[in-house]
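# Understanding the architecture of this molecule
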Amino acid sequence: MQHRRIGLAVGAAVMSLALSACVAGGSGGSSTGGSAGTITIGIKFDQPGLGQQVGSDYKGFDVDVARYVAKELGYQENQIKWMEAPSAQRETLIQSDQVKLVVATYSITDARKQKVDFAGPYFIAGQDILVQSNRTDITGPADLKGHKLCSVVGSTSAQKIKDQYPEVQLQEVDTYSKCAEAVAAGSMDALTTDDIILAGYAAQDQYKGKLKVVGNPFTQERYGVGLKKGDTELQQKVNDALTKMINDGSWQKYLDDNVGASGYKPNAQLNPPKPGSA
């Protein structure tokens, strides 16, 4: 009887291990491909033209880039899980393995590279300013003194203002959409972030004719795909995918499809960039 009990216990343990292996193999995704699981990618949910949740769908330049990369890694559309990645949470989401990749207007900086790695860049933007269309008193960052400026917590845009223009009345919130609403309502004088993001807001139906991009970029922001620090295999695979995307014309198509209607033209001397120089 005792031998039977031992046999049953061993059998149960083996079955438990087998089940655990099945569960582990079916989640998260890996560097080597996605035929058996899913991949979770962090994007913005509130940036029109770049990363926006529209009902149950997700649209924008970053979303199209993410889909392309995922496909090159071996994941089909139905194997992608989207997670919102606010600016202040991007490193944490990667470090805690909540996401495999972050494609969310994620500027490559030395400070961030201490915590995560990047593939890319896949786009180079420039920080600019959004104001009400009838304003002529703000044409660049030097005009912001004494004005109320809105940006987002954890963003490079907010940090640049703190470092270079400390006299500006900077207010930080959690999303750029809140800033755009405040500028349109007149409770804030301006919004600052990257020009391509601002163009997306200015082109929205509710802001057409009401908001404008000043058109005086004063930084270079190299957008990269964030991933776990030390995962050089995945980094190389993503760089290869980005290079292919640029070379086969998909990069230009995604840009035209998502922000072309706004009239925004990226800096042609910088774009498209060369992935692998992150």
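Note that this is a predicted model, so its numbers are computed, not measured.

Reading across from one edge, β2-β3-β4 is the order of the 3 strands in this open sheet, with antiparallel pairing throughout. Each edge of the sheet is formed by a strand with only one pairing partner; in this case those strands are β2 (46-47) and β4 (57-59). Summarising the sheet, strand β3 (residues 51-54) and β4 pair through 3 bridges and their orientation is antiparallel. Bridging across to β4, glutamine 53 finds its partner in tyrosine 58.

Within the secondary structure, asparagine 271 sits in the segment after α9 (250-259). Taking relative accessible area as the criterion, asparagine 271 reaches 8% and is therefore assigned buried. A distance of 2.8 Å separates a polar side-chain atom of asparagine 271 from the backbone oxygen of isoleucine 124. Excluding its chain neighbours within four sequence positions, the residues that come into contact with asparagine 271 are Phe123, Ile124, Trp251 and Pro266.

This next bit is on the environment of leucine 198. By the element assignment, leucine 198 lies in helix α7 (residues 195-202). Once the C-alpha coordinates of leucine 198 and tyrosine 264 are considered, the two residues, 66 residues apart in sequence, prove to be 9.6 Å apart. With residues up to four places along the chain from it excluded, the contact list for leucine 198 reads Asp128, Ile129, Leu130, Leu191, Thr193 and Val213.

Procedures and definitions
Residues numbered from 1 in each chain as written. Predicted model: local features only at pLDDT ≥ 70, side-chain atom pairs only at ≥ 80, totals over all residues. Heavy atoms only, no water. Pairing = 2+ DSSP bridges. Helix = DSSP H or I, 4+ residues; strand = E, 2+ residues; numbered from the N terminus. Buried < 20%, exposed > 50% of the residue type's maximum accessible area, 1.4 Å probe, protein only. Polar contact = N/O pair within 3.5 Å; in protein donor to acceptor, adjacent residues only side chain to side chain. Contact = heavy atoms within 4.5 Å.

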